Amino acid sequence: MIRLKLSKNKQKFVIGIFIAILCSSSATASYFICDFLNPDFAFPLSPFEWDFSSTVKLSVQMEERSKHLLSVSVFTGTIDEIRIDGKYVAISTAPVYLFNDTFCAFRTWYNILDGEWYLDYQEKGIGTSLPIIIQPNNLTSLHIALSKDISAMYNITEGSFNNLDYIEIGTFHYWIWHIYEDGTNIIFDLYDNIVSIHYSIIREYQSTDHTFGVAKGSLRKNRWEYMCYTDEIMQNYTLAASEYLMSLYLQQ
């Protein structure tokens with residue numbers, strides 16, 4: 001069994017940038033979700049109890065709790081290089097402009113400095129757009145679509161992927177990352193029809209108008225992994241995101 005470890009400096013495009021932000025310290029304002037060192041800290045929200053016993057139950061919870069989101073990040077690409085160095089594996093990902101054949105990635109986040117929501121996107125031939133202010137209620141169509149796609153997934157089990165039997169050159173990669181006010185940090189990693197779900201609890205969230213939400217302080221004991229399968233790769237979410245991004249693009 002080969003342990004999978006994504007090397008940031010091997011990733012060619014947006015996803016490498018997004019993941020690297022997890023370790024960034026450039027933000028100037030912090031939203032303390034919880035304090036592991038101070039049990040008397042007043043939490044904004046009690047930690048959610050997520051139900052991973054079925055994808056249907058999980059999908060309902062994600063739609064219900066979308067009002068507590070702090071940030072969303074999405075990327076689509078294909079695996080174009082796999083390098084194995086002992087027990088570590090470096091994966092290089094090339095972008096696929098799945099959203100209306102124009103965008104391969106987007107991210108939206110709550111800025112705790114001014115109380116506004118911002119969004120930027122990765123456009124074919126252009127690169128990353130400047131952040132624009134949006135209304136978070138306009139993201140409702142994305143949350144509904146995500147819930148539908150998750151409910152269609154099946155055979156969910158707890159456990160991580162410890163081998164590369166399902167990843168090869170040309171594998172399609174769909175990546176969705178959510179951070180919530182209660183400290184939930186959840187990532188859906190789709191490799192073709194196989195879904196890896198990474199769930200953890202973070203301590204701190206940071207953001208500015210130009211700094212995408214930074215998640216900090218996840219302890220190893222507060223991390224879990226699940227896997228499941230899908231026959232249709234985010235069909236509803238892709239359509240909803242394509243329509244949403246194009247509507248914003250035409251307004252610019």
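Residues numbered from 1 in each chain as written. Predicted model: local features only at pLDDT ≥ 70, side-chain atom pairs only at ≥ 80, totals over all residues. Heavy atoms only, no water.

Draft legend 1. Broad picture of the packing of helix α3 (residues 140–151) against helix α4 (residues 235–251). Two elements in contact, α3 and α4, have axes separated by 7 Å at closest approach and are oriented at 165 degrees. One way to sum up the angle between α3 and α4 is to call them roughly antiparallel. Between α3 and α4 lies a crossing of left-handed hand. For the pair formed by α3 and α4, the contact residues are S141, L142, A145, L146, K148 and D149 on the first element and Q235, N236, Y237, A240, A241 and Y244 on the second. (Axes fitted to C-alpha atoms, helices over the stretch in contact; angles between N-to-C directions. Helix = DSSP H or I, 4+ residues; strand = E, 2+ residues; numbered from the N terminus. Parallel < 35°, antiparallel > 145°, perpendicular 65-115°, else oblique. Left-handed = near helix turned anticlockwise from the far one by under 90°. Contact = heavy atoms within 4.5 Å.)

Draft legend 2. Structural view of the packing of aromatic side chains. Considering all chains together, one arrives at 16 aromatic pairs under this definition. When the centroid spacing of 5.7 Å and the interplanar angle of 75 degrees are considered together, the rings of F99 and F106 count as edge-to-face. Considered together, F99 and F106 belong to a single accessibility category, that of buried residues. Put simply, the rings of F52, Y199, W224 and Y226 pair up and form one aromatic cluster. Taking the ring centre of W50 as reference, the NZ or CZ of R65 above it sits at 4.7 Å. (Phe/Tyr/Trp six-rings, centres within 6.5 Å; stacked < 30°, edge-to-face > 60°. Buried < 20%, exposed > 50% of the residue type's maximum accessible area, 1.4 Å probe, protein only. Lys NZ or Arg CZ within 6 Å of the ring centre and 35° of its normal.)

Draft legend 3. Region of interest: unusual backbone geometry. For D101, which is not glycine, the phi dihedral falls at a positive 55 degrees. Positionally, D101 belongs in the loop between β3 (88–95) and β4 (103–111). On the basis of relative accessibility, which here comes to 52%, the residue D101 falls in the exposed class. Unusually for a residue other than glycine, M234 sits at a positive phi of about 50 degrees. The residue M234 is located in the loop between β14 (223–229) and α4 in this model.

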